[in-house]
Amino acid sequence: MCAARILYGKPVQEAILEEVRQGVEELAAAGLRAPKLAALLVGDDPASAIYVRSKTRMCSETGLDSEAFQLPSSTSTEELLKRIDELNHDAGVDGILVQLPLPEGLDTDVVLDAVDPAKDVDGIHPENVGLIVQGRPRFVTCTPGGIIELLERNEIEIHGKNAVIIGRSEIVGKPMAMLLMHRHATVTICHSRTQDLPGVARAADILIVAIGRDAMVTPEFVKPGACVIDVGINRVADRQRVEEIFGADADWQKFEDRGYLVVGDVHPAVAEVAGAFTPVPGGVGPLTIGMLLANTLRSARRRLGVGS
Ligand code: NAD
């Protein structure tokens, strides 16, 4: 029997987008233009193309302008830097998004560092990360920022709680730790070299998992009643692995239709131990895009001189 609360991302995303819509209307009422997001997509990775399309579609549904620039995989770092420089100097652009991962051969650090920090709506430029570390964020990194919104809007207590994060990436693990610490959680960051990972994870009141390994976190990692946030998005195309993870509950129809199932980093059996958990898909995913749009509005307000 599953007694855990399921934390869906969609209602929280809707609430964030509604606030963004109101912000856009306020700008219009003041005679100011709509916020604009520019997205750069390099190469032909189908998943990245889907992400960019859903971001620009969500912009138009929320009243933001957006423009997607599709560049060939042969694009050099210098060419990409030139394009970023043009967008940095384009007064009508408030947010610049470089869709990751970039094709091999492009220097991701150099490219991301070139984005004007005032337009870095992903919140990953070193200057913006520094501001997050100091507890005075300009743009909160989208996925961790979305997780904070999910926790707070579901009234899950952070203050004084033990938070354990598995994964130390720049876009999830590290900024997540800072955001939780500034909300007075006691934070532990785990990674691939952590010893006794299940034992460390079991101390968590809030367990955040961002590793990219399908169903790795099993019930032995989870203190009964803990809140488990699953950031992972893994495509499992191996029939035997699907069987191992889901047993009789596997959605074989979906597997046959697509050739894979999307699975989080957390095993479905964790639902029997946790007090609350995010599903995959449908949990953290929708929040990232909501925060991207919220950051783009914030940027526009600052650049138009009506916000801090
Ligand atoms: P990454 O690949 O950059 O880093 C993975 C991290 O996991 C590393 O810090 C590594 O130390 C740790 N790790 C790897 N194997 C481990 C193990 N066996 N035990 C303990 N730690 C281990 O990760 P990322 O970019 O943060 O992505 C993680 C997952 O989250 C991926 O599945 C990714 O697709 C997903 N993701 C989802 C969203 C979203 O919007 N829902 C956003 C970003 C990432």
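Residues numbered from 1 in each chain as written. Predicted model: local features only at pLDDT ≥ 70, side-chain atom pairs only at ≥ 80, totals over all residues. Heavy atoms only, no water.

Participant: Any details on the domain arrangement of the chain? Residues and values, ideally.
Facilitator: Taken domain by domain, the chain holds domain 1 (32-116) and domain 2 (142-286). Placing a centre on the C-alpha atoms of domain 1 and another on those of domain 2 gives a separation of 28 Å. (Domains from an automatic or database assignment.)

Participant: Describe in detail the layout of surface pockets, supporting the description with residues and values.
Facilitator: The space that makes up the second largest pocket amounts to roughly 580 Å³. Forming the boundary of the second largest pocket are 25 residues, of which F246, V262, P268, V280 and P281 lie nearest the centre. Elements with a contribution of two residues or more to the lining of the second largest pocket: β8 (227-230), α9 (239-246), α10 (252-258) and β10 (261-263). In terms of residues, the lining of the second largest pocket owes the most to one element, β10, which gives three residues. (1 Å grid on protein atoms, 1.4 Å probe; cavity = no way out; pocket = protein on both sides within 12 Å on 5 of 7 lines; lining within 4 Å. Points joined across faces, edges and corners; volume = space filled by probe spheres on them. Helix = DSSP H or I, 4+ residues; strand = E, 2+ residues; numbered from the N terminus.)

Participant: Any details on the site of the ligand? Residues and values, ideally.
Facilitator: If you check the shell around the ligand, you find 22 residues, and the closest are R168, S169, V231, I233 and T288. The side chain of S169 places a nitrogen or oxygen atom 2.6 Å from an oxygen atom of the ligand. Measuring from a nitrogen atom of the ligand, one finds a side-chain N or O atom of R213 at 3.3 Å. (Near = heavy atom within 4 Å. Polar contact = N/O pair within 3.5 Å; in protein donor to acceptor, adjacent residues only side chain to side chain.)

Participant: Give a description of the sheet that holds β8 that names residues and reports values.
Facilitator: Reading across from one edge, β1-β11-β8-β7-β5-β6 is the order of the six strands in this open sheet, with parallel pairing throughout. Where the open sheet ends on each side, the last strands, each with one partner, are β1 (5-6) and β6 (186-190). Note that strand β5 (residues 162-166) and strand β7 (residues 206-209) share four bridges and pair parallel. The residue bridging I165 from the neighbouring strand is I208, located in β7. Sitting on the sheet, helix α6 (residues 142-153) touches β7 and β8, and the angle it makes with β8 is about 150°. The strands that helix α7 (residues 173-182) touches are β5, β6 and β7; relative to β5, the one it contacts most, it runs at about 170°. (Pairing = 2+ DSSP bridges. Contact = heavy atoms within 4.5 Å. Axes fitted to C-alpha atoms, helices over the stretch in contact; angles between N-to-C directions.)

Participant: Mind laying out empty space enclosed by the protein, listing which residues take part and the relevant values?
Facilitator: If you walk through the whole model with that rule in mind, you get one cavity of 30 Å³ or more. Of the voids in this model, the largest cavity is the one considered here, and its volume is about 60 Å³. The wall of the largest cavity is formed by I96, L97, V98, L112, V115, D120, D122, I124 and H125. Counting residues per element, the lining of the largest cavity draws most heavily on strand β4 (residues 95-98), at three residues.

Participant: Provide a residue-level description of the packing of aromatic side chains, including the pertinent values.
Facilitator: Taken as a whole and judged by the stated rule, the model has one aromatic pair. Where W252 meets F255, the ring centres are 5.3 Å apart and the plane angle is 90°; that geometry is what we call edge-to-face. Of this pair, W252 and F255 are both found in helix α10, three residues apart, which corresponds to roughly one turn of the helix. Looking at F255, the relative accessible area reads 6%, which means it is buried. (Phe/Tyr/Trp six-rings, centres within 6.5 Å; stacked < 30°, edge-to-face > 60°. Buried < 20%, exposed > 50% of the residue type's maximum accessible area, 1.4 Å probe, protein only.)

Participant: I'd like a description of helix α11 (residues 285-303), backed by residues and values.
Facilitator: When the terminal C-alpha atoms of α11 are compared, their 28 Å separation across 19 residues agrees well with the 27 Å that a helix rising 1.5 Å per residue should span. Within α11, burial applies to P286, L287, I289, G290, M291, L292, L293, N295, T296, L297, S299 and A300. Residues of α11 that are buried make contact with α1 (10-29), β2 (36-42), α2 (46-62), β4 and α6. Just beyond α11, the residue with positive phi is G305, at close to 80°. (Expected span 1.5 Å × (residues − 1).)

Participant: For the environment of M181, give the residues involved together with the corresponding values.
Facilitator: Counting through the fold element by element, M181 comes out in helix α7. On the accessibility criterion, M181 (40% relative accessible area) is partly exposed. C-alpha of M181 to C-alpha of A68: the two residues are 113 residues apart in sequence and 35 Å apart in space.

Participant: Outline α6, supporting the account with residue identities and numerical values.
Facilitator: Its 12 residues place the ends of α6 16 Å apart at the C-alpha level, agreeing with the 16 Å of an ideal helix rising 1.5 Å per residue. Of all 12 residues in α6, 10 are buried; the element is thus mostly enclosed. Considered for burial, the residues of α6 that qualify are C142, T143, P144, G145, G146, I147, I148, E149, L150 and L151. Buried-residue contacts for α6 involve α1, α7, β7, β8 and α11. Of the residues one or two after α6, E155 is the one with positive phi, at around 55°.

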